[in-house]
Structures are given as structure tokens and as C-alpha cells.
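# Structure assessment
This is what each chain is made of:
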Amino acid sequence: MKSKILRGTAFDGQVRIFIANTTNFVEKAKEIHQTSPVATAALGRVLTATSILGVMLKGERDKITTRINGQGPIGTIIATSDASGNVKGYVTNPQVMVESKTPGKLNVGAAVGKDGEITVIKDLGLKNPYIGNYPLVNGEIGEDLAAYFMYSEQQPSAVGLGVTIEKDYTIKSAGGFILQILPDTDENVAYILEERVKEAGSISKLIENSRDEKEIMNQLLEGLNPKVLEEYEVDYFCDCNRGRFEKALISLGKEEIMTLIEEDHGAELQCHFCNEKYQFSQKELESLMKEATSTDEKL
Ligand SMILES: [Zn+2]
């Protein structure tokens, strides 16, 4: 089954709803990066959230990146999505292991750490991207993103993210929800939503106990008049190509390329997002060098 995001509303349009079942693409990410269970859970949560943030973008060519670093052993987690919710990402230490606090529960907070920030970068096709950040609350991703929304974007939101992994390391379920209260909404709505989210329990349970995303929405917002507006198929997708790596090499400058030629007689670059390798021969490097500027020229 393909990963999906459902967009909807409730309370007569006063609440925006996004519900994602990303079991399929988190499995893909795990295969690509060979992540340990806790790294799979952390990356899976960030990929899910970023894919939803992608779907929230207005412009077709807009892009969004989420970066989290809490000084924990996993290092940095990065995910980037386009406006269709197609997402890619990686973590610095995919094989990270940490002790569980509760048996059977992955300790994402300990792997991520909380001594750092969540940064959200929106590339809306303007001269400069919009960059917002906020200190991490607990490194569990969901609450960190909710705090970012509240204090960096002044957008009250409830965020639930979860990845459950079987004993054989396959993904049992992965997904999440983001509920946002629009401006000028009745104060009671926030209270009712908060209670409802508490009652509903974990998103993993909701996914496991529901046939589809619509049923998750109905369970979460029963009696609050939820409506489906749109459904999106989303995926783990890397759009890297040789041209992008050529540009990266050119931007290194003449001296750096010269070093690669003299010391290695070529170069091999690897994409962080999909592990695809790109080889450049000495000849190719020599022709790229012609397009590069030297440090002297830059000054
Ligand atoms: Zn790639």
C-alpha cells in the first residue's frame, strides 16, 4: 500500500487536519539507510512530519526542509519535501543504539537529545528562503514540532508522530497527524481537541486499528464534523542527478578540484539521501575546472 496523506477540516472549517500513513515510505528509508530501530523511528517521524509540511506548501515548486540536532548520539536528522509530499532524508549516525526507558518502546528522545533546535527552511522561490527555528522540548519530534509551530509561527497545533517496528525490523506502522486551529477560532475548540487527542492515544495504535486514513480521522474527530478535502499519495523520493553533483564540484573552486585531480585522479561523490554514487574521471574533473573560479578570482 502506498503512503498517503489526507487533508481535511473539522468544526466547520475552524480546524485544519492532516493525517498520514507513511508505513510504506518509512520502510523504504530504512532499507536505503540500513537504520537501527531507534534511528528508523526518529528518521521516520521527521520524514512523516516533513512530508505533511510539504503538502501544506502553496506553490507547486516550493520546498521545505526540517533539520533537527539535539546533541544526541544520532547526530543531525534532515528531511526535505516538495509540495507533493515526496520526501527524502538522512541521519548522521544510522546505526545508533540507545537504552530503552520502557521495555518495548524505542527511546527516540535519548537518541536525538534535547540540547538543540528544530529548524524549518521554506524555499518559496524567493531570493532568500524563510528560516524559522525553536529550541527542542524533548527530542521526541512531535512535541518539538508543536512548540515550533506555536512559538515560531504563532500557530497552535497538535502533532502526533509514531513509528512501530516488529521484532524482525519491518515497519508495523508509521504515520502522524497535525491538527491546526485557525485564527479567530472559539477558545473551546482548542480544549476539546486537546482532550480528544489525549483520549485517542498513540497514532501508531490508530493506524493499526483503522482500515484507512479516513477512519483515523473519524476516530480522532468523531462528532466534530470532520470532512475530507483531498488525498495525496506520497513517497520517499530522491531527485538527485549528475548535474547537481557537477555544480557542487564546480562550486568547490579551482584549487580544490586541482587537489582531487593530483591526489586521487578522479572523484566519487555519494548522495546522502539515496546513496547513489557518481564517479568523475580525471578528464571530467579537468573540464569542470574550466568552469570553476579560483580563490584569487573570488577575492
Ligand atoms: Zn539521491
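- Looking at an unreviewed UniProt entry, one finds the protein chain named 33 kDa chaperonin and attributed to Isachenkonia alkalipeptolytica.
- Check the Subcellular location (unreviewed entry) section of the UniProt entry for the protein chain; it says "Cytoplasm".
- UniProt, in the comment section headed Function (unreviewed entry), describes the protein chain in these words: "Redox regulated molecular chaperone. Protects both thermally unfolding and oxidatively damaged proteins from irreversible aggregation. Plays an important role in the bacterial defense system toward oxidative stress."

## Looking at the coordination of the zinc ion
- Summarising the metal site, the zinc ion is bound by the protein donors Cys238 (SG), Cys240 (SG), Cys271 (SG) and Cys274 (SG), whose distances to it range over 2.2 to 2.3 Å.
- Considering all four donor atoms around the zinc ion, angles at the metal cover 104 to 114° and the coordination shape is tetrahedral.
- Sequence positions of the residues that donate to the zinc ion give the spacing C-x1-C-x30-C-x2-C. Residue Cys238 is located in the loop between strand 10 (227-234) and helix 8 (242-252), and its partner Cys271 is located in the loop between strand 11 (266-270) and strand 12 (277-281); the two are separated by 33 residues in the primary sequence.
- On the basis of relative accessible area, Cys271 is assigned to the buried category, the value being 4%.

## Quick look at the pairing of strand 8 (residues 157-165)
- Within strand 8, seven of the nine residues are buried, which leaves it mostly tucked inside the rest of the structure.
- By the bridge criterion, nine bridges tie strand 8 to strand 9 (residues 171-181) in an arrangement that is antiparallel. The residue of strand 9 that forms the bridge with Val159 is Ile178.

## Topic: the layout of surface pockets
- The computed volume of the second largest pocket comes to approximately 250 Å³.
- When its residues are assigned to classes, the lining of the second largest pocket shows six nonpolar, two polar and five charged.

## Side note on the domain arrangement of the protein chain
- Under the domain assignment, the protein chain is made up of domain 1 (3-234) and domain 2 (242-298).
- Computed over C-alpha atoms only, the centres of domain 1 and domain 2 are separated by 36 Å.
- If you look at the interface, domain 1 gives seven residues, while domain 2 gives five residues.
- The junction of domain 1 with domain 2 conceals about 530 Å² of combined surface from both sides, 61% of it contributed by carbon and sulfur atoms.

## Here we look at the environment of Asn24
- Within the secondary structure layout, Asn24 lies in helix 1 (residues 23-33).
- Classification of Asn24 as partly exposed rests on a relative accessible area of 32%.
- Each C-alpha atom, one on Asn24 and one on Ser251, is 36 Å from the other, the two residues being 227 residues apart in sequence.
- In this view, Asn24 contacts Met1, Lys2, Ser3 and Asp235; residues no more than four positions away in its chain are not counted.

## Points about the nonpolar core
- Formed by 67 residues in total, the largest nonpolar core has its most connected members in Ile74, Ile77, Val112 and Leu145.
- Ranked by the residues each element gives to this core, the list is headed by helix 2 (residues 37-56), at 12 residues.
- Both domains that meet at this core, namely domain 1 (3-234) and domain 2 (242-298), each give it at least three residues.
- Counting 19 residues, the second-largest nonpolar core is a separate cluster that includes Ile203, Leu206, Ile216 and Leu220.

## Thoughts on the sheet that holds strand 2 (residues 15-21)
- Taken in spatial order, the five strands line up as 8-9-2-1-10 in an open sheet, and their pairing is antiparallel. The sheet is open, and its two edges are formed by strand 8 and strand 10, each paired on a single side. On average, adjacent strands in this sheet sit at an angle of 10° to one another, irrespective of strand direction.
- Looking at chain direction, strand 1 (residues 3-10) and strand 10 are connected through seven bridges and run antiparallel. Bridge pairing in strand 10 links Lys4 to Glu233.
- Set on the sheet, helix 5 (residues 187-200) makes contact with strand 2, strand 8 and strand 9; between it and strand 9 the angle comes to about 170°.
- Against the sheet, helix 7 (residues 213-220) contacts strand 1, strand 2, strand 9 and strand 10, and its axis sits at roughly 135° relative to strand 2.

Conventions and cut-offs
- Residues numbered from 1 in each chain as written.
- Predicted model: local features only at pLDDT ≥ 70, side-chain atom pairs only at ≥ 80, totals over all residues.
- Heavy atoms only, no water.
- UniProt positions renumbered as here; feature names shortened; annotations may be inferred.
- Donors = N, O, S within 2.8 Å, 3.2 Å for Na, K, Ca; no water.
- Tetrahedral: all angles 85-135°; square planar, octahedral: opposite > 155°, others 65-115°.
- Helix = DSSP H or I, 4+ residues; strand = E, 2+ residues; numbered from the N terminus.
- Buried < 20%, exposed > 50% of the residue type's maximum accessible area, 1.4 Å probe, protein only.
- Pairing = 2+ DSSP bridges.
- 1 Å grid on protein atoms, 1.4 Å probe; cavity = no way out; pocket = protein on both sides within 12 Å on 5 of 7 lines; lining within 4 Å.
- Points joined across faces, edges and corners; volume = space filled by probe spheres on them.
- Nonpolar A, V, L, I, M, F, W, Y, C, P; charged D, E, K, R; others polar.
- Domains from an automatic or database assignment.
- Contact = heavy atoms within 4.5 Å.
- Buried area = accessible area lost by both parts, 1.4 Å probe.
- Core = buried A, V, L, I, M, F, W, Y, C linked by side-chain atoms within 4.5 Å.
- Axes fitted to C-alpha atoms, helices over the stretch in contact; angles between N-to-C directions.

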